[in-house]
Amino acid sequence: MHPAQNEECSTYGATSSTAHRNRLIIVANRAPVRLSQDKWVPAVGGLATALLPVLEKQSGLWVSMAENDEAPETQHFPEEKPAFDILRIQLSEQEKADYYSGMANQAIWPVAHYMIQHLQLKRSYFETYEAINKKFVDAVLSGYREGDYIWLQDYHLMLAPQQIRSIHPEAKIAHFWHIPWPAMEVFRILPWARELIQGLLGSDLIGFHIEEYVENFLDSVRVLLGAKIDGNIIFWQGREIRVEAHPIGVDTAYFHKVANSTTVKRDADLLRSQVGTDFLVIGIDRLDYTKGVLSRLLAFESFLQQYEEYHGRVTFYQVATPSRTDVGSYQQLKREVDEAVGRINGAYTRGIWSPVRYAYRTFSQDELCSIYRAADAALITPLRDGMNLVTQEFITATDHGVLVLSELTGAAHILPESVLVNPYDQEGVMNAIKIALELPDAEKKERLSTLKERVNRLDVHTWADGFLKSMQEG
Ligand code: ADQ
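Now for a look at the structure at hand. Being a predicted model, the structure only gives us computed values, none of them experimental.

**A word on unusual backbone geometry**
Here's step 1: Pro78 follows Phe77 through a cis peptide bond whose omega is -10°.
Here's step 2: With respect to the secondary-structure elements, Pro78 resides in the loop between strand 5 (74-77) and strand 6 (84-89).
Here's step 3: Phi is positive for Tyr114, close to 60°, though the residue is something other than glycine.
Here's step 4: Relative to the helices and strands, Tyr114 is located in the loop between helix 2 (93-112) and helix 3 (123-143).
Here's step 5: Given the relative accessible area of 28%, Tyr114 is considered partly exposed.
Here's step 6: One non-glycine residue, Arg324, lies in positive phi territory at about 45°.
Here's step 7: One can find Arg324 in the loop between strand 14 (314-321) and helix 11 (328-348).

Structure representation (structure tokens):
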């Protein structure tokens, strides 16, 4: 059963407070459903949680890339009471390598995160990216009806808005960018910077998580395209394009419910007793060089070096889900993380205490919630992150934890009551671990209660409603 399902709600549980009358076409790299015991079910978390109820209500399409051969090209969903269609685009291995692993993940991704040491450029990446964006567009147009709203997601689909616009000048198109938009001087490192921005400007509305990314984007448009800008409106080729900040949230009702279930509470207690130390500090990330896992481990190593009184009293549990394992820099990162964990445990393990516990696999959300609940502190220290949803999941699930948060994340703009750190400053992160462990109970409580209020206000359904409302009012 889907997490938020109850009798009062739609098939997927959560309701959307705004009435969205027109049909909706979502275009995202990933499909919103997964196969579970021979049945297609909604993918839990993130976009799918927020947008499936809306699609169910308004009907329309979800266009995505086919991730494996099992997935049908066209699927009516939900099976028992079809409300909309999912269309999947089949890509060859070479197309996937150039469009997805190449252009999206080795060109745009590192530039957006200010990590150009990971940048790989090939002309074939851009050419394939353009062609695959066109394939997405063809799929969209195969089901498009005048009046439909088209909402594209993220950095995989920068060219598609303009490709649609050139065929349907009247189309209502919006795009949401989930990662940081870097400073103009960094974005322009991409040889196709102008074409990519022009592609996005096919939209009527472009969304980012925070104002800082909006400002960076407007600056890029102004300098690289010479477009006129007034406030948050871009004047381009006789059209007006609005650029807005819409910070994304998590499904707070769902995480709250899971984290307070009897099994999760029991598993959290069990984890605490297995760990056996006074303090448990956690890190939970996709294993991505932007997430700062390696520098975090080095900061924890410095902490152990500096504060002997904590030996035997604190465990750092890093959970990393495998990601982009076909890309060289991710394979290299895995080796470095494995090595750091081995080195730290080799040097500091005494008796039954090993300072670092490390899991490299995907966990269920119940498992993640029990780790969130068990933790005294979460170290979320990405070197850059568009938002970072782990922060919000942790705040929703914990009843006593302290959040140590990188100031280079979108989340830091939303959650200022965390212990903020510069993730590049190893000594600063080391000190922050100590501050988190020694924070007086009253202060912990006060910070946590404000953070919970902030996270509740964000919420992924509120985000989807707010963005769709802006799209329709524009
Ligand atoms: P991501 O880079 O994927 O998302 P994030 O927002 O932190 O980053 O979301 C990660 C998700 O993966 C969380 O829901 C978390 O629970 C889950 N996860 C992490 N480790 C896991 C594990 N071991 N097993 C199972 N699940 C795990 C991109 C941007 C972000 C932005 C989001 C949404 O990079 O900055 O917040 O999109 O816009």
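**Considering the nonpolar core**
Here's step 1: Of all hydrophobic cores here, the largest spans 175 residues; its most connected members are Trp151 and Phe217.
Here's step 2: The residue makeup of this core includes at least three contributed by each of domain 1 (3-249 + 461-473) and domain 2 (252-458).

**A few points about the site of the ligand**
Here's step 1: Taken together, the neighbourhood of the ligand is formed by 24 residues, with His178, Phe363, Asp385, Met387 and Glu393 sitting nearest.
Here's step 2: Residue Arg286 places a side-chain N or O atom 2.9 Å away from an oxygen atom belonging to the ligand.
Here's step 3: Between the ligand and Gly386 there is a distance of 3.0 Å, counted from an oxygen atom to a backbone nitrogen or oxygen.
Here's step 4: Protein contacts shield 84% of the accessible area of the ligand, which totals 720 Å² for the unbound molecule.
Here's step 5: Elements with a minimum of two residues in the shell around the ligand: strand 13 (279-286), strand 14, helix 12 (365-374) and helix 13 (389-397).
Here's step 6: Classifying every residue of the shell around the ligand gives twelve nonpolar, six polar and six charged.
Here's step 7: Formed jointly, the shell around the ligand draws a minimum of three residues from each of two domains, domain 1 (3-249 + 461-473) and domain 2 (252-458).

Quick notes on the rules
Residues numbered from 1 in each chain as written. Predicted model: local features only at pLDDT ≥ 70, side-chain atom pairs only at ≥ 80, totals over all residues. Heavy atoms only, no water. Helix = DSSP H or I, 4+ residues; strand = E, 2+ residues; numbered from the N terminus. Buried < 20%, exposed > 50% of the residue type's maximum accessible area, 1.4 Å probe, protein only. Core = buried A, V, L, I, M, F, W, Y, C linked by side-chain atoms within 4.5 Å. Domains from an automatic or database assignment. Near = heavy atom within 4 Å. Polar contact = N/O pair within 3.5 Å; in protein donor to acceptor, adjacent residues only side chain to side chain. Areas by Shrake-Rupley, 256 points an atom, 1.4 Å probe, with all protein chains shown as cover. Nonpolar A, V, L, I, M, F, W, Y, C, P; charged D, E, K, R; others polar.

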